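Chain residues, written in single-letter form:
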Amino acid sequence: QVQLVESGGGLVQAGGSLRLSCVASGRTFSNYGMGWFRQAPGKEREFVAAISRSGSNTFYADSAKGRFTISRDNAKNTVYLQMNSLKPEDTAVYYCAAKYYANTPSTVRGYDHWGQGTQVTVSS
């Protein structure tokens, strides 16, 4: 079992930036494909970005392309989501997720392990 803990959320003005972190424990981190999802009130959880086990492959939702960057540091058991040019519609709880020996899954069902989430609020 792998445990995931997100951090880095907060309140930011439109156009600002935030970097989310997700620290994994319990298993060999480099064996897991990692993803970021988000869920706004009253909406379904949606895919944001994913990264392969080595970090060589990444995949983004259209809403994240050009503004968000996913990365990982396997030595630190951490995956990051750098978010720039934030918009009010980016407001949501952001979750990191892990899937054993996966590449870059982009669906909720593609992941087995989830963090508790971190709130991101973008004011206009």
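Anyway, here's the lowdown on the structure attached to this text. In this convention, every chain numbers its residues from 1, walking through the sequence in written order. In view of the model being predicted, local features appear only for residues whose pLDDT reaches at least 70, and side-chain atom pairs are presented and counted only at 80 or more, with totals across whole chains, interfaces and linings using the full set of residues. Each side-chain value is derived from all of the structure's non-hydrogen atoms; neither hydrogens nor water enter the calculation.

**Observations concerning the sheet that holds strand 1 (residues 3–7)**
- What makes two strands pair is DSSP finding at least two bridges between them. Working definition: helices are DSSP H or I runs of at least four residues, strands are E runs of at least two. Numbering for both runs from the N terminus. What the four strands build is an open sheet, ordered 1-3-8-7; its pairing is antiparallel. Every interior strand has two partners, whereas the edge strands, strand 1 and strand 7 (68–73), have only one. Ignoring strand direction, the axes of neighbouring strands in this sheet form an average angle of 15°.
- Looking at chain direction, strand 1 and strand 3 (residues 18–25) are connected through five bridges and run antiparallel. Bridging from a neighbouring strand, E6 pairs with C22 of strand 3. Between the N-to-C directions of two axes lies an angle of 0 to 180 degrees, each axis being a line fitted to C-alpha atoms and, for a helix, fitted only over the stretch in contact.

**A word on the nonpolar core**
- In this structure, M34, W36, L81, M83 and Y94 are the most contacted members of the largest nonpolar core, which totals 28 residues.
- Of all the elements in the fold, those that place two or more residues in this core are strand 3, strand 4 (32–39), strand 5 (46–51), strand 7, strand 8 (78–83), strand 9 (92–100) and strand 11 (118–123).
- Any pair of residues with heavy atoms lying within 4.5 Å of one another is described as a contacting pair. Filtering out sequence-adjacent residues up to four positions away, L81 remains in contact with L18, R19, L20, W36, V48, A49, F68, T69, I70 and Y94.
- Residues grouped as a nonpolar core are buried Ala, Val, Leu, Ile, Met, Phe, Trp, Tyr and Cys residues, joined through side-chain atoms within 4.5 Å. To sort residues, take the accessible area from a 1.4 Å probe on protein chains only and compare it with the maximum for the residue type: under 20% means buried, over 50% means exposed, and anything in between is partly exposed. Within the second largest apolar cluster, six residues are counted, among which are F47, A61, A97 and Y111.

**Notes on the pattern of salt bridges**
- Just to be clear on terms, a salt bridge is a Lys or Arg side-chain nitrogen sitting within 4 Å of an Asp or Glu carboxyl oxygen. Applying the stated criterion across every chain, the model contains five salt bridges.
- The partner of R38 in a salt bridge is D90, and the shortest N-O contact between them spans 2.9 Å. Pair noted here: R38 is in strand 4 and D90 is in the loop between strand 8 and strand 9, with a separation of 52 residues, a long-range link.
- With a shortest N-O distance of 3.1 Å, K99 and D112 are connected by a salt bridge. Of this pair, K99 sits in strand 9 while D112 is found in the loop between strand 9 and strand 10 (113–114), placing the two residues 13 residues apart along the sequence.
- When its relative accessible area of 26% is taken as the criterion, K99 is described as partly exposed.
- Put simply, R38, E46, R67 and D90 are held in one network by salt bridges that share partners.

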